[in-house]
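Residue-level listing of the chains:
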Amino acid sequence: MTSTLTVPTTALVLGATGATGKILVNQLINDNRFNKIIIVGRRSCNVTNEKIQEHLINFDKLDEHGDAFKAADVAFCCLGTTRAKSGVEGFKRVDFDYVVNSARLLRNSQCKQYHLMSSGGANANSGNLYFGTKGRAENEIRDLKFPRMSVYRPRLLLTSREDRRVGEYIFQTLVTPISWIAPTLITTKLPILCNAMINNCFIEAPIVNDNGKDGGCQFEIFENSRIYELGKQTDSKTS
């Protein structure tokens, strides 16, 4: 199965109501390489556009919503929560169970490309709840052997989301001047991240031998500096 996208193409977005997902959906709407955007989530993203097809689902009963994941050529996963917001078990349920199980449905539906927003520092062997969970999710999805899988590991996401806590606001205020001097050091701007994910869909990825299993696949990890390199590229195929 080839990972090459035929233009125009169909994208599926998970996590469209989050800070990253909102920007990603808006960029996809304005990119004429995409003629259909399937949004799968627990609540509506409240965006009206002729390209959008929205499915509201229960992630705890994903097997009942298999049809929502069909017909996607490329999928973007921006699902995620925090321990402070959802507790330890809630965090693991969203950032591992929901992410991995939805990826399985996409793989079974013959999705060509899977683009995962992970995190800088992700490591399956880490004892840290956040970094360990992110790393294990990466590994589980890689084992599904999508024809193409790209992982993005941004640093601190500079966002003005509505549920931002006081501590986050103070910390972002402190690091913003650093982001002006050294943009890739500890922060990531959301438009840059989303642009990188979209641009990368149409750039050839390296083939990983993977010990010959399943004939190999295309796989790569984008750390923050590479996210910025790709995210700053512009394309004329936008409306």
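Model, not experiment: these values are computed from the prediction.

Chemist: Please provide a residue-by-residue account of the overall build of the protein chain, values included.
Modeler: From N to C terminus, the protein chain includes 7 helices and 10 strands. Looking at the protein chain as a whole, 46% of its 239 residues are labelled buried. At a minimum sequence separation of 6, the contacts of the protein chain that also span at least 24 residues come to 70%. Carbon and sulfur atoms make up 48% of the accessible area of the protein chain, which totals about 11,800 Å².

Chemist: For the side chain of Lys51, give the residues involved together with the corresponding values.
Modeler: Secondary-structure assignment places Lys51 in the loop between strand E2 (34-41) and strand E3 (52-56). Summary of buried charges: Lys51 has no salt-bridge partner, and the nearest side chain of opposite charge, Asp31, is 6.3 Å away. Of note is the side chain of Lys51, whose polar atom sits 2.8 Å from the backbone oxygen of Asp31. A polar contact is formed between the side chain of Lys51 and the backbone oxygen of Phe34, at a distance of 2.7 Å. Other than its neighbours up to four places away in sequence, Lys51 contacts Leu28, Ile29, Asp31, Asn32, Phe34, Asn35, Lys36 and Ile37.

Chemist: Give me the lowdown on unusual backbone geometry, citing residues and values where you can.
Modeler: What you tend to see is this: most non-glycine residues have negative phi, and most peptide bonds are trans. The step from Val7 to Pro8 runs through a cis peptide bond, and the omega angle for that step is 0°. A positive phi angle, near 70°, is found at Gln110, a position not held by glycine. Within the secondary structure, Gln110 sits in the loop between helix H2 (83-108) and strand E5 (113-117). The exposure class of Gln110 is partly exposed, given its relative accessible area of 46%. If you check the backbone angles, Lys145 has positive phi at about 60° while not being a glycine. On the accessibility criterion, Lys145 (12% relative accessible area) is buried.

Chemist: Give me the nonpolar core: which residues, what numbers.
Modeler: Core analysis: the largest hydrophobic core is formed by 30 residues, its most contacted members being Leu12, Leu14, Val40, Phe69, Leu106, Tyr114 and Ile141. Contributing elements (two or more residues each) for this core: strand E1 (9-14), E2, strand E4 (74-77), H2, E5, helix H3 (129-142), strand E6 (148-153) and strand E10 (217-223). When residues of this core are assigned to their parent elements, the largest contribution, 7 residues, is made by H2. Those residues within four positions of Ile141 in sequence are excluded, and the remaining contacts are Val99, Val100, Ala103, Tyr114, Leu116, Phe146 and Met149. Membership of the second largest hydrophobic core comes to 29 residues, among which are Val13, Ile39, Ile192 and Cys201.

Reading the values: rules and limits
Residues numbered from 1 in each chain as written. Predicted model: local features only at pLDDT ≥ 70, side-chain atom pairs only at ≥ 80, totals over all residues. Heavy atoms only, no water. Helix = DSSP H or I, 4+ residues; strand = E, 2+ residues; numbered from the N terminus. Buried < 20%, exposed > 50% of the residue type's maximum accessible area, 1.4 Å probe, protein only. Contact = heavy atoms within 4.5 Å. Areas by Shrake-Rupley, 256 points an atom, 1.4 Å probe, with all protein chains shown as cover. Lys, Arg positive; Asp, Glu negative; His and termini not counted. Salt bridge = Lys/Arg side-chain N within 4 Å of Asp/Glu carboxyl O. Polar contact = N/O pair within 3.5 Å; in protein donor to acceptor, adjacent residues only side chain to side chain. Core = buried A, V, L, I, M, F, W, Y, C linked by side-chain atoms within 4.5 Å.

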